[in-house]
Amino acid sequence: MFHGRLLLCLSLFSLLHRGIFAASDKNFEADVIYKFVNVQYIWINDVLKHKTIDDGCYIAENNIITGIKVYKDQIYVTVPRWRHGVPATLNRIVPNEGENPLLEPFPSWGANKIGDCKAFQYVQSMEIDPDTGYMWVIDTGRVNTSTAFPRNLCPPKLVILDLERNNTMVRVYEFPDHVVSHTTNFMNDIVLDYVDGEARFAYITDTSDAKLYVYDYDRNISFFYQHSSMQSVTLISPTQNGLLSAPIDGIAISPDFRIVYYSALSALPLYAIPTEVLRKNGSDFGNKVQIVGNKTGGCDGLAFGQKHIFYAALEYDALYMGTIENGVLSYQKPLLINNTTAVWIDTLAFNGTDLWFVANALPSFFKNNMNFTDEEANMNIWRVRVGEAGYLQDARSRTIVNAKSLIMPSIVLVIVLCLLSAGSNVTL
Ligand SMILES: *[C@@H]1O[C@H](CO)[C@@H](O)[C@H](O)[C@H]1NC(C)=O
Ligand SMILES: *[C@@H]1O[C@H](CO)[C@@H](O)[C@H](O)[C@H]1NC(C)=O
Ligand SMILES: *[C@@H]1O[C@H](CO)[C@@H](O)[C@H](O)[C@H]1NC(C)=O
Ligand SMILES: *[C@@H]1O[C@H](CO)[C@@H](O)[C@H](O)[C@H]1NC(C)=O
Ligand SMILES: *[C@@H]1O[C@H](CO)[C@@H](O)[C@H](O)[C@H]1NC(C)=O
Ligand SMILES: *[C@@H]1O[C@H](CO)[C@@H](O)[C@H](O)[C@H]1NC(C)=O
Ligand SMILES: *[C@@H]1O[C@H](CO)[C@@H](O)[C@H](O)[C@H]1NC(C)=O
Ligand SMILES: *[C@@H]1O[C@H](CO)[C@@H](O)[C@H](O)[C@H]1NC(C)=O
Ligand SMILES: *[C@@H]1O[C@H](CO)[C@@H](O)[C@H](O)[C@H]1NC(C)=O
């Protein structure tokens, strides 16, 4: 025990000495927490279950878990409506005693109803703000998007649910067609930008139209940026899985909310754009965007902690951690590599100082060679004890322009003024 503490102190000492790189010498505890052979739901009753299956509204092999966010003891996951037969797109996981875990539609079955524009049509991602318990959900408004006949049923929207107050809707914003196309969009990932103690902006990637959207919560408006850096670049993959070619996908923001990082899915370069630029409409994006460096591989999700950026190297079935110093991706280290349980690391999520992710072997799903009856898991949900919190942790207190910080200078000013006026009285 003592020995352990000593070691801890010593390593802490060397950590301080060698700066943030030292953390990378550590091996992080990483575990598969949930395994899914296929996606099964909790049904209201057996009659509804059988009716849904008979109607073709639940087709197990068309369901795959992609998005994930964790808040308190709940794990929220998304199931894209790329194909027909996905009964609910936003869900939470219900553990099932060693069996395949189940999904429960979130916040309800009704909120996932196809064709009801008050409900979610196809949600790829959401973000949960640990400071407020708000879940920011992006809905493309479209279904059957990977089939020959996509259905553009509803306008794309951003919905904010208050998880602390019975999932009440705090905000619903429909994107106008001239910002987010109602017929071609694939709103994929979202990060939040804090200004003065408030989640003021959301930045959203579009992996179909290659755009970066900005939503301004205070003004309840949206606009977008487009740039060549958002286009896809095809990589030659060394794995049998191949790599899907797609434009801008992963997005992350530094914990000081100064820089947004993004990458096309099938590309190595990581780009940086200051939030100062993004927050204003019509900024000179092209002259402000910078390349930070090449990642080790193509990546889907990106996430910033309090110190490091985390991402997958899809070709290598690996999760990486990187350091960005002075605008350069200066250090990259694999945290885990596993060609059976970490194939296609999709979305990343923080909970406290744990990093969670979904690995779903997506290329096999798209090639229809996933075996949903085998005992082998097709989707794995991992938890990695990275030891640093996510970019949103304590964002409120970290960004608030503190009224208290003005009190001392004010007191000093008053005293000085009093002395001055007292002084001038004396001379009078
Ligand atoms: C998330 O982290 C909190 C502590 O920060 C913990 O109480 C909770 O159990 C974690 N959730 C999961 C699903 O592990
Ligand atoms: C989606 O496509 C399937 C056929 O693949 C079709 O049966 C279904 O009606 C379509 N969904 C909608 C909402 O049109
Ligand atoms: C929470 O919401 C559900 C569904 O909307 C409702 O049935 C329930 O009564 C609500 N609970 C509270 C405490 O408001
Ligand atoms: C925000 O804009 C949407 C338009 O989609 C509107 O329906 C909603 O009422 C607005 N909300 C606020 C708080 O202004
Ligand atoms: C953003 O700027 C573009 C032109 O650069 C303009 O067409 C659009 O209306 C602006 N949007 C908002 C919400 O001001
Ligand atoms: C980054 O990768 C691209 C190919 O995607 C390559 O052309 C470029 O030389 C690389 N840059 C660096 C600094 O390695
Ligand atoms: C891959 O992950 C599984 C589950 O954690 C583990 O049993 C297996 O040993 C790992 N394989 C390698 C090569 O690390
Ligand atoms: C998976 O990795 C192991 C070593 O960890 C290797 O022996 C095996 O050939 C790999 N399998 C595939 C399909 O790449
Ligand atoms: C799927 O796995 C099962 C059980 O291992 C096997 O019987 C079946 O042939 C497999 N199907 C395909 C298409 O590989």
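This text goes with the structure placed above it.
This structure is a prediction, so every number in the text was calculated from the model and none was measured.

This part is about the overall build of the protein. What the protein contains, in helices and strands, is 7 helices and 27 strands. In the protein, buried positions account for 53% of the 428 residues. In the protein, 57% of the contacts between residues at least 6 apart in sequence involve partners at least 24 apart. Of the accessible surface of the protein, which amounts to about 19600 Å², a share of 54% is contributed by carbon and sulfur atoms.

Our next topic: the packing of aromatic side chains. This model, assessed by the stated rule, comprises 26 aromatic pairs. Their ring planes at 45° and their centres at 6.2 Å tell us that Trp82 and Phe365 sit as a pair that is tilted. Linking Trp82 in the loop between β4 (74–78) and β5 (90–94) with Phe365 in helix α5 (residues 362–366), this pair joins segments that are 283 residues apart in sequence. Relative to Phe285, the ring of Tyr262 has its centre 6.4 Å away and its plane inclined at 40°; by these criteria the two rings are tilted. In this pair, Tyr262 sits in strand β18 (residues 259–264) while Phe285 sits in helix α4 (residues 285–288), placing the two residues 23 residues apart along the sequence. Counting every residue linked through ring pairs, the aromatic cluster contains Trp82, Tyr122, Phe186, Phe365 and Phe366.

Another point: the pairing of strand β17 (residues 248–253). Within a regular strand, side chains alternate between the sheet's two faces. With 6 of 6 residues buried, β17 lies mostly within the body of the structure. Here 5 bridges tie β17 to β18, and the two strands are oriented antiparallel to one another. Bridging from a neighbouring strand, Ile248 pairs with Ala264 of β18. Between the antiparallel neighbours β17 and β18 lie 5 residues, among them Phe257 with a positive phi of about 60°.

Another aspect to go through is the pairing of strand β11 (residues 157–162). The element β11 is largely enclosed, with a buried count of 6 among its 6 residues. Residues Lys157, Val159 and Leu161 point to one face of β11 and Leu158, Ile160 and Asp162 to the other, with burial holding for every one of them. Summarising the sheet, strand β8 (residues 134–139) and β11 pair through 6 bridges and their orientation is antiparallel. Counterpart to Val137 in the pairing with β11 is Val159. By the bridge criterion, 6 bridges tie β11 to strand β12 (residues 168–174) in an arrangement that is antiparallel. Across the sheet, the residue bridging to Val159 is Val172, located in β12.

Moving on, we get to the nonpolar core. Trp136, Tyr203, Leu212, Tyr262, Leu278, Phe285 and Ile309 are the most contacted members of the largest nonpolar core, which has 58 residues in total. Setting aside its immediate chain neighbours within four residues, Ile309 contacts Ala252, Tyr261, Leu270, Leu302, Ala303, Phe304, Tyr320, Met321, Gly322, Ile324 and Leu329.

Let us look at the sheet that holds strand β6 (residues 102–105). Strand order in the open sheet formed by 5 strands is β2-β6-β5-β4-β3, and the pairing between neighbours is mixed. Because the sheet does not close on itself, it has two edges, and the strands there are β2 (40–41) and β3 (68–71). Alignment of β4 against β5, held across 3 bridges, turns out to be antiparallel. Paired with Tyr76 across the two strands is Arg92, which belongs to β5.

For the rest of this paragraph, the subject is the site of ligand 5. Around ligand 5, a shell composed of Ile221, Ser222 and Asn281 is seen. Here an oxygen atom of ligand 5 and a side-chain polar atom of Asn281 are 2.4 Å apart. Taking 360 Å² as the accessible area of ligand 5 by itself, protein coverage stands at 35%.

Bringing the state of the cysteines into the picture now. Taken as a whole and assessed by the stated rule, the structure comprises 1 disulfide. Note on cysteine connectivity: Cys117 is disulfide-linked to Cys154, with sulfurs 2.0 Å apart. The disulfide joining Cys117 to Cys154 has a torsion of about -85° about its S-S bond and is therefore left-handed. Of this pair, Cys117 sits in the loop between β6 and β7 (123–129) while Cys154 is found in the loop between β10 (151–152) and β11, placing the two residues 37 residues apart along the sequence.

Reading the values: the criteria
- Residues numbered from 1 in each chain as written.
- Chains lettered and ligands numbered in written order.
- Predicted model: local features only at pLDDT ≥ 70, side-chain atom pairs only at ≥ 80, totals over all residues.
- Heavy atoms only, no water.
- Helix = DSSP H or I, 4+ residues; strand = E, 2+ residues; numbered from the N terminus.
- Buried < 20%, exposed > 50% of the residue type's maximum accessible area, 1.4 Å probe, protein only.
- Contact = heavy atoms within 4.5 Å.
- Areas by Shrake-Rupley, 256 points an atom, 1.4 Å probe, with all protein chains shown as cover.
- Phe/Tyr/Trp six-rings, centres within 6.5 Å; stacked < 30°, edge-to-face > 60°.
- Pairing = 2+ DSSP bridges.
- Core = buried A, V, L, I, M, F, W, Y, C linked by side-chain atoms within 4.5 Å.
- Near = heavy atom within 4 Å.
- Polar contact = N/O pair within 3.5 Å; in protein donor to acceptor, adjacent residues only side chain to side chain.
- Disulfide = S-S within 2.5 Å.

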